[in-house]
Amino acid sequence: MPPTSPLPASSRPASPRPADPLLSLRGVSKSFGAVAALTGVDLDVAAGEVVALVGDNGAGKSTLVKVLSGVHPPDAGTIAFGPREVRIPSPAAAQQLGIATVFQDLALCENLNVIQNLFLGRELRALRLDDVAMEVRARALLAQLSARIPAVDVPVAALSGGQRQTVAIARSLLGDPKVIILDEPTAALGVAQTAEVLNLIERLRERGLGVIMISHNMADVQAVADTVAVLRLGRNNGVFDAATASAEELVAAITGADDNVVSRRAGRGAAADDGRRAAPAGTRERADHE
Ligand SMILES: Nc1ncnc2c1ncn2[C@@H]1O[C@H](COP(=O)(O)OP(=O)(O)O)[C@@H](O)[C@H]1O
Ligand SMILES: [Mg+2]
C-alpha cells in the first residue's frame, strides 16, 4: 500500500473502509479544552493484522488508545466494530466488545504471583474459578503464547520486564478479545526481552487477533508490524506498508518534514550523498498544520 498523502483532514477524502475491517475509525476527534488531541483520525485494523501506531510525543497516540478502551468518549467521528457502528462509553463496554488494552504501566501487582495476577478481578465472579482451574488455565494460556515464564507461582516482582509484559498480555487474553492494544510494549526492555515480546505479538497475530501496537522504536515496528499508521499533531499523517516503508520515510512522516535534523540523522549513510538540501525552515510545517 502506498503512503496516503499527508493532506489536511479537511481536504482529504474519507478513506474507504477495507473489505473486512475488524475495527474501523473514521473522523475521530477529541479535544481537552483548547487542546485538539485528535482531529478527524481514521484507523483500520483487520483480523490477523498488526498495526503500529507511531508518532511523536503529543501526537495523540494515548488519546486514541483511550478512546478505543472506553476511557475518553470521542467528540466526533464513528467507530465500527465488525459490521456495526459502536459506542465505547466505558472500559467495561470496550471489554464486552472484545477490545483489550495493555497500558504502559501494565497494572500488575508486584507481590502477587503470576496466576493471581492473571485472574485479578476475575476470581470474584459468579462463576468462581477454583485454584486448580486457574492454574490449569494459566499454564495453558502461557503455553499457547510460547511464553517463557519460569513458574506460575512466583511473585511478579521476580520476573523480568519482558516476562511481566507477557503476563499483562496473557491477562488481557482471558477476556477472549478480538482486538488487543499494546502501549509501548517494548519501551523498557533489553534486546532479548524485546525479541520475546515481538514473538508474542506474532503469536497474537497467528491467533487472528487485530493488534494495535504503539511504539517509538522503528526497528520493532518494522520487525513485527504489517501496517504503520502515523499520527502527527493529532491528525493522520500517512499509512504505510511496513514491509516496504523505510525508516527514513516513517521518521519523515512522524516529524512532518523529510529533511530535518532527525531524518537527516536517520538517513545518514543510506542517503548521505543524494544532494538533498534542507528546505527553508518551517515551510512544510505550516503547510501541514492548516
Ligand atoms: N487528559 C488530558 N487533559 C488535557 N490534555 C491532554 C490530556 N490527555 C492528552 N492531552 C493532550 O493531548 C495531546 C495528545 O496527547 P497524547 O494522546 O498523550 O499524545 P501521545 O500519546 O502521542 O504522546 C497533547 O497535547 C496532550 O498534552
Ligand atoms: Mg502517550
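Rules of the game
Residues numbered from 1 in each chain as written. Chains lettered and ligands numbered in written order. Predicted model: local features only at pLDDT ≥ 70, side-chain atom pairs only at ≥ 80, totals over all residues. Pairing = 2+ DSSP bridges. Helix = DSSP H or I, 4+ residues; strand = E, 2+ residues; numbered from the N terminus. Axes fitted to C-alpha atoms, helices over the stretch in contact; angles between N-to-C directions. Contact = placed C-beta atoms within 7 Å. Buried ≥ 20, exposed ≤ 12 C-beta atoms within 10 Å, placed from the backbone. Near = placed C-beta within 6 Å. Nonpolar A, V, L, I, M, F, W, Y, C, P; charged D, E, K, R; others polar.

By the naming in an unreviewed UniProt entry, the protein is ATP-binding cassette domain-containing protein, taken from Actinomadura fibrosa.

Caption draft 1: Representation of the sheet that holds strand 3 (residues 50-54). With mixed pairing, 6 strands are arranged side by side in an open sheet as 6-7-8-3-9-10. A strand with exactly one partner marks an edge of an open sheet, and here the two such strands are strand 6 (99-102) and strand 10 (235-241). With strand direction ignored, the average angle separating the axes of adjacent strands in the sheet is 20°. Pairing of strand 6 with strand 7 (residues 179-183) involves 4 bridges; the strand directions are parallel. For alanine 100, the partnering residue across the bridge sits in strand 7 and is isoleucine 180.

Caption draft 2: Structural context of the sheet that holds strand 1 (residues 21-32). One open sheet holds the 4 strands; their spatial order is 2-1-4-5, and the pairing between them is antiparallel. The open sheet has two free edges, formed respectively by strand 2 (35-46) and strand 5 (84-86), since each of these has just one partner strand. On average, adjacent strands in this sheet sit at an angle of 25° to one another, irrespective of strand direction. The strands touched by helix 1 (residues 61-68) within the sheet are strand 1 and strand 2, with strand 2 carrying the most contacts at an inclination of about 65°.

Caption draft 3: Summary view of the pairing of strand 8 (residues 210-214). Burial of strand 8 is extensive: 5 of the 5 residues sit out of reach of the surface. Pairing between strand 3 and strand 8: 4 bridges, direction parallel. Each residue of the ladder has a partner; that of valine 50, found in strand 8, is valine 211. Looking at chain direction, strand 7 and strand 8 are connected through 5 bridges and run parallel. Looking across to strand 8, one finds that isoleucine 181 is bridged to isoleucine 212.

Caption draft 4: Structural detail: the site of ligand 1. Surrounding ligand 1, one finds Phe32, Val35, Ala37, Gly55, Asn57, Gly58, Ala59, Gly60, Lys61, Ser62 and Thr63. When residues of the shell around ligand 1 are traced back to their parent elements, those giving at least two are strand 2 and helix 1. If one sorts the elements of the shell around ligand 1 by residue count, helix 1 sits on top with 3 residues. A class-by-class count of the residues in the shell around ligand 1 yields 4 nonpolar, 6 polar and 1 charged.

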